[in-house]
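Now for the letters of each chain:
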Amino acid sequence: MPGLVALLLCAAPVRGQTVEDGTLLPKGALGAGMVLTHETWDRYWEGSLKRGNENIGRLTTRSLTAMTGYGISDRLALLAMLPYVHTHASRGTLKEMHGIQDVVVAAKYGLVTVPVAGRGTLKALAVGSIAVPAGDYSPDFLPLSIGLGSRRASGRVTLAFEARREWFLNASAAYTWRSKVKLDRAAYYTGGQLHLGREVAMPDVFDYTLGGGYRGRRLHVPVSVSVQRTLGGSDIRRQDMPFVSNRMDFVRVEGGVGYTLPATNLMVRIGAARVVGGRNVGQATTLTGGFHYTLPLRTRAP
């Protein structure tokens, strides 16, 4: 659940083009890449209670995400991503699910760049993004569902400091609005109440990320801590399955290494993440690997 939710809320984890970082594709540059993600957990939080479940065993979520980006100007870039997701439980009778999840499109704009006493530069960026389910999947089968089925709009602000010796620090925060979700049943029970109808109101989400690392000419080593807080929703009922509008909070630490191959614009990247705290999410370990290629379509004037 946690990695899935993070995937739903965030955009492409490729060099210089996450929605959270402080970099932009140069004007006229076209980027494209693929990322393979493998996430597992066998313990999860039912409210604040951490537990296992013999009807689930170990839940594995794999995804393959296609992504692209284009630098419209030196201050504005467009990003897009589309994941294919597969889920599987090692025990019980829950049937695995797979399919295309949600398409995400984001616009990233550099607001201002100022020098900081000869030690580096401080940048402020704004990001607006929308996400829409692209596949006909059911959100009412958690934790096997491949997504939450909600349309989303998000606004993000990022502050980024880049030191002259190629070290960097980032701080990023976002608010995400989520639309109602329609279920394939006429009634549901959540928050201690029976609701007659198919539509479920989804609470909005606030998230923030603090990160830093090294970004040289070829080597990129980012580390970060991400926190998600759902602004409403109920806990998983005791001995019940998760529900689409449950509060899903987590704290996740992650790191990665990217390297641009000599004489190319091709970057290969690996990464790992671990959920270290949560509420109504799995204690997931996530491994990622992928590549990203940048093609300069326009030549800068001398």
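Everything here concerns the structure above.
## Let's talk about a nonpolar patch on the surface
Right, on to step 1. On the surface, Leu-36, Leu-64, Leu-82, Tyr-84, Ile-100, Val-103, Val-105, Ile-130 and Val-132 cluster together into a nonpolar patch covering about 710 Å² of accessible area.
Right, on to step 2. For the nonpolar patch, the elements supplying multiple residues, two or more each, are β5 (76–89), β7 (102–115) and β8 (120–133).
Right, on to step 3. Looking at where Val-103 falls in the secondary structure, it is placed in strand β7.
Right, on to step 4. Taking the relative accessible area as the measure of exposure, Val-103 reaches 31% and is therefore partly exposed.

## Considering the side chain of Glu-39
Right, on to step 1. Counting through the fold element by element, Glu-39 comes out in strand β1 (residues 29–41).
Right, on to step 2. Although buried, Glu-39 forms no salt bridge, and the nearest oppositely charged side chain, Arg-252, lies 6.5 Å from it.
Right, on to step 3. Only 3.4 Å separates the side chain of Glu-39 from the side chain of Thr-286, close enough to count as a polar contact.

## What to know about the pattern of salt bridges
Right, on to step 1. Scanning the entire structure with this criterion turns up 14 salt bridges.
Right, on to step 2. For Asp-140, the salt bridge is made with Arg-185, and the minimal N-O distance between the two is 2.7 Å. Taken together, the positions of Asp-140 in the loop between β8 and β9 (152–163) and Arg-185 in the loop between β11 (181–182) and β12 (187–190) put the pair 45 residues apart, joining distant regions of the chain.
Right, on to step 3. Residue class for Arg-185 comes out partly exposed when judged on its relative accessible area of 32%.
Right, on to step 4. Through salt bridges with shared partners, a single ionic network connects Glu-46, Arg-51 and Arg-238.

## As for the nonpolar core
Right, on to step 1. Counting 26 residues, the largest nonpolar core has Trp-41, Leu-59, Leu-148, Leu-183, Val-200, Phe-243 and Val-244 as the members making the most contacts within it.
Right, on to step 2. At the level of secondary structure, the elements contributing two or more residues to this core comprise β2 (44–46) and β5.
Right, on to step 3. Within the second largest apolar cluster, five residues are counted, among which are Val-35, Met-81, Val-104 and Ala-131.

## Some points on the side chain of Arg-152
Right, on to step 1. Examined against the element boundaries, Arg-152 turns out to sit in strand β9.
Right, on to step 2. A relative accessible area of 9% places Arg-152 in the buried class.
Right, on to step 3. In terms of polar contacts, Arg-152 uses its side chain to reach the side chain of Asp-102, at 3.0 Å.
Right, on to step 4. Within the local environment of Arg-152, its side chain forms a polar contact with the backbone oxygen of Ser-150, the two atoms lying 3.1 Å apart.

Conventions adopted
- Residues numbered from 1 in each chain as written.
- Predicted model: local features only at pLDDT ≥ 70, side-chain atom pairs only at ≥ 80, totals over all residues.
- Heavy atoms only, no water.
- Patch = residues over 30% accessible without salt bridge, like charges linked within 9 Å, V, L, I, M, F, W, Y side chains within 5 Å.
- Areas by Shrake-Rupley, 256 points an atom, 1.4 Å probe, with all protein chains shown as cover.
- Salt bridge = Lys/Arg side-chain N within 4 Å of Asp/Glu carboxyl O.
- Helix = DSSP H or I, 4+ residues; strand = E, 2+ residues; numbered from the N terminus.
- Buried < 20%, exposed > 50% of the residue type's maximum accessible area, 1.4 Å probe, protein only.
- Lys, Arg positive; Asp, Glu negative; His and termini not counted.
- Polar contact = N/O pair within 3.5 Å; in protein donor to acceptor, adjacent residues only side chain to side chain.
- Core = buried A, V, L, I, M, F, W, Y, C linked by side-chain atoms within 4.5 Å.

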